[in-house]
Amino acid sequence: MRYELVCGIETHIELATNTKIFCNCTTAFGGDPNTHCCPVCTGQPGSLPILNKKVVEYAVRAGLAVHCKINNISHMDRKNYVYPDLPKAYQISQYDEPLCEHGYIELESGKRIGITRIHIEEDAGKLVHENGYTYVDYNRGGVPLIEIVSEPDISSPEEAKEYAEKLQLIMRYVGISDCKMQEGSMRCDVNVSLREVGTKEFGTRTETKNINSLNFIQKAMYAEVERQTDILEAGGSIIQQTMRYDDVSDMISPMREKENSDDYRYFPDPDIIRFQIAQEKVDEIKSSLPELPFDKLTRYVNELELPETTARQMFKYRRVAEFFEGALAEGASVKNASNLITGTIYSNMNTEEDKELFSVLISAKQFGELVKLLDEKTVNFKMAQSTLQQMLESGKSAGDLIKKEDLAGISDDDLTKWCQEAIDANPKAVADIMAGKDKAINVMFGHIMKQSKGKADTKKAESIIRELLS
Amino acid sequence: MAVTKTEIEKLAKLGRLRFSEEELEKFAGEFDDIIAFADTINESVEGGTDEIRSVGSQLVSFEELREDEVILSLPNEKIVSNVEDVNGFFSVKRSKK
Ligand SMILES: [Zn+2]
């Protein structure tokens, strides 16, 4: 029998607000246990939660970035369940009036993965299990989250990974979260079921919770599909349950905790007034969104005519793209600016994280000035590279680093003189060049570069040498 | 359903409260009254959650929501002052499953 995969993903993303969703405690990561807490986020009787404006704004940003419809009126619900990470014995979430609905993310193939809804809710505390005790830290309790629920439109582990990757990139771009899966600011729950090819009905699904890397999404799905296929082929049936993926053993297994009681007895939270966001405000937020990453990629390739590989190296990191575009605004050329970024600047940045942060000592304007010197051939590429390196290390401008006499340029007379000297001093190289061994010309460049202190344009020198030899 | 004195004793233990015999008797009666009062909700809420929502049909505008400004949290000693704590954590004995 042949099966096809049906998958939907629920993604939790921690919003980068300063304060928690219902109180003024900091959302800072870490800290000593229970030091970012107050009566509200520890659920003390009589305390009153007050919704953070920024949380609503960020969730609307997220929704608009993935083409959602924004509900102008929305409210919070209580989701009841008893567990020590939840001091009130309920989580404040949204049930039947989520802030955003009906969006999508488009994959490279053109296929759209629907987004059912995006709602806001509070995070739970952190539990440490040790020696028969559970130790609870509520610093994370009340940190704002959005939950993004996809339609079951995903039909392969590769599509699942691409969906999550795109979602991460878009959410980083609109500035609502750093979406670091390893640190838990983005976590995915993956729902997987199988059905016979050709049938319409969904099979029983399982949910693999809290996956914390893009690669593990794919691996966990392979493991779960294999497990379900084995069961179905042996004539068994799938039990609806929550699974856990262990990346070390690459194994998937049911979670011990009974987390399948799906009756959360949702009801509207009477402590929090229903809220309204005017359409004008939604439109204002929409117009404040930056160009979205995949629109940018398309523009880089189609309008700036960047090679796709170069465009892909830059569009992913919002700060890099801003720096690049800042230099273009200064009048720098696309080609030289992109080559210096992906060459010299990236050689100083070893990790994805470095590029994401993109902390450089120079401004886009300073960079643009240097690129222009290169565009005008006042400096050659090699010199631009070394000057840029010095700029990155010192924060100085090109004008301060390149000496006046260096900038004066090289006269054609000087260059011709040095070319002639090089020819005279290297008879063997001359013979090689005449014999068609083009590489021999590099021998000549040594002399010319020494005389010109590295400023000579080698292309120009080559044409002079060839002329002198002809 | 009447709340018994034994149940009050259990709740007091969970809440780390100590009461005299007299108080226990008194609370048992008061608990009955409180539950009876809560039961009156059954009579008024027919439409379930929609009914509850219409009670709070008030709306707050986006502009009136809370500004995102940090105020210092409570010191850890205060947060854990009424609980069994270990190194600043709340500690819970795990129930056997
Ligand atoms: Zn708090």
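Along each chain, numbering runs from 1 in the same order as the chain's sequence is written. In the order they appear in the text, chains get letters beginning with A and ligands get numbers beginning with 1. Owing to the predicted nature of the model, reporting of local features is limited to residues with pLDDT of at least 70; listing and counting of side-chain atom pairs is limited to 80 or more, with chain, interface and lining totals taken over all residues. Each side-chain value is worked out from all heavy atoms of the structure, with water and hydrogens disregarded.

(A) Local environment of the coordination of the zinc ion. Residues and elements named next belong to chain A. For Na, K and Ca the donor cutoff is 3.2 Å, while for all other metals N, O and S atoms count as donors only within 2.8 Å; water does not appear among the atoms, so some sites may look incomplete. At this site the zinc ion is bound by Cys-23 (SG), Cys-25 (SG), Cys-38 (SG) and Cys-41 (SG), with donor distances of 2.3 to 2.4 Å. Labels for metal geometry use angle windows, namely 85 to 135 degrees for all angles of a four-donor tetrahedral site, and for square planar (four donors) or octahedral (six donors) sites opposite donors over 155 degrees apart plus all others within 65 to 115; sites meeting none of these are irregular. Coordination at the zinc ion is tetrahedral: its four donor atoms span angles of 100 to 114° at the metal. Counting residues between consecutive donors of the zinc ion along the chain gives the motif C-x1-C-x12-C-x2-C. Of this pair, Cys-23 sits in the loop between strand 1 (3-14) and helix 1 (53-65) while Cys-41 sits in the loop between strand 1 and helix 1, and the two are 18 residues apart along the sequence. Across the pair, exposure class does not vary: Cys-23 and Cys-41 are buried alike. Here a strand is any run of E in DSSP of at least two residues, a helix any run of H or I of at least four, and the numbering for each starts at the N terminus. Here's how the labels work: a residue is buried when its accessible area is under 20% of the maximum for its type, exposed when over 50%, partly exposed in between, all with a 1.4 Å probe on protein chains only.

(B) Structural detail: the interface of chain B and chain A. At the interface, 30 residues of chain B touch 48 residues of chain A. Each partner contributes to the roughly 3,700 Å² buried at the junction of chain B and chain A, and carbon and sulfur atoms together form 60% of this total. The largest per-residue losses of area from chain B upon contact with chain A belong to B:Phe62, B:Arg66 and B:Asp68, which jointly make up 23% of the total buried on that side. A pairing counts as a salt bridge when a side-chain nitrogen of Lys or Arg comes within 4 Å of a carboxyl oxygen of Asp or Glu. For the interface between chain B and chain A, the tally reads one salt bridge. The closest approach of N and O atoms between A:Lys53 and B:Glu67, which form a salt bridge, is 2.7 Å. Under this definition, polar contacts are N or O atom pairs within 3.5 Å; protein pairs additionally need one hydrogen-donor-capable and one acceptor-capable atom, and for neighbouring residues in sequence, both atoms have to be side-chain atoms. Linking chain B with chain A are 24 residue pairs in polar contact (both at pLDDT 80 or more). Put simply, the parts of the chain that give the side of chain B that touches chain A at least two residues each are helix 3 (49-55), strand 1 (59-61), helix 4 (76-79) and strand 3 (89-93) of chain B. Gly is put with the polar residues, along with every residue not named as nonpolar or charged; the nonpolar set is Ala, Val, Leu, Ile, Met, Phe, Trp, Tyr, Cys and Pro, and the charged set is Asp, Glu, Lys and Arg. When the residues that make up the side of chain B that touches chain A are grouped by side-chain class, the tally is twelve nonpolar, eight polar and ten charged. By definition, residues are in contact when any of their heavy atoms lie within 4.5 Å. Simply put, the buried area is the total loss of 1.4 Å probe accessible area from both parts when two parts are fitted together.

(C) Representation of empty space enclosed by the protein within the structure. Residues and elements named next belong to chain A. Every definition here rests on a 1 Å grid over the protein atoms only: cavities are sets of points where a 1.4 Å probe fits but cannot get out, pockets are open sets enclosed by protein on both sides within 12 Å along at least five of seven lines, and lining residues have some atom within 4 Å of a point. Grid points are joined across faces, edges and corners, and a volume is the space filled by probe spheres set on the points. Evaluated as defined, the whole model comprises one cavity of 30 Å³ or more. Taken as a whole, the largest cavity holds about 50 Å³ of empty space. Cys-41, Asp-85, Leu-86, Pro-87, Lys-88, Glu-122, Asp-123, Ala-124, Gly-125, Tyr-138, Gly-141 and Gly-142 are the residues that line the largest cavity. In terms of residue class, the lining of the largest cavity is made up of five nonpolar, three polar and four charged.

(D) Here's a closer look at the layout of surface pockets. Residues and elements named next belong to chain A. Of the volumes computed, that of the second largest pocket is approximately 610 Å³. Lining the second largest pocket are 25 residues, with Lys-377, Val-379, Asn-380, Phe-381 and Asp-457 positioned closest to its centre. Those elements that place two or more of their residues in the lining of the second largest pocket are helix 8 (334-345), helix 10 (364-375), helix 11 (381-394), helix 14 (412-425) and helix 17 (458-469). Counting the residues that make up the lining of the second largest pocket, at least three belong to each of domain 2 (291-407) and domain 3 (412-469). For the domain bounds, the source is a domain assignment made automatically or taken from a database.

(E) Structural context of the pattern of salt bridges. All names here are of chain A. On inspection of all chains with the given rule, the structure shows 33 salt bridges over all chains. Lys-111 is paired through a salt bridge with Glu-159; the nearest N and O atoms lie 2.8 Å apart. Here Glu-159 lies in helix 2 (residues 157-173) and Lys-111 lies in the loop between strand 6 (100-106) and strand 7 (112-122), a separation of 48 residues in the sequence. Its relative accessible area of 27% is what places Lys-111 among the partly exposed residues. On the basis of relative accessible area, Glu-159 is assigned to the buried category, the value being 16%. Through salt bridges that share partners, Glu-108, Glu-162, Lys-166, Glu-308 and Arg-312 make up one connected network.

(F) Main features of the pairing of strand 14 (residues 251-254) of chain A. Sheet topology places strand 13 (residues 242-246) of chain A next to strand 14 of chain A; four bridges connect them, and they run antiparallel. Within strand 14 of chain A, the residue paired with A:Met243 across the bridge is A:Pro254. Between any two strands, at least two bridges found by DSSP are needed for them to pair.

(G) Region of the structure containing the sheet that holds strand 3 of chain B. Read from one edge of the open sheet, four strands run 8(A)-9(A)-3(B)-2(B), paired in antiparallel fashion. Whereas interior strands pair on both sides, the edge strands pair on one side only; in this sheet they are strand 8 (126-130) of chain A together with strand 2 (85-86) of chain B.

(H) Looking closely at the side chain of A:Asn71. Residue and element names in this part refer to chain A. Assignment of secondary structure puts Asn-71 in the loop between strand 2 (69-70) and strand 3 (73-74). Residue classification places Asn-71 among the buried positions, given a relative accessible area of 11%. There is a polar contact of 2.8 Å between the side chain of Asn-71 and the side chain of Glu-101. With residues up to four places along the chain from it excluded, the contact list for Asn-71 reads Pro-98, Leu-99, Glu-101 and Ile-277.

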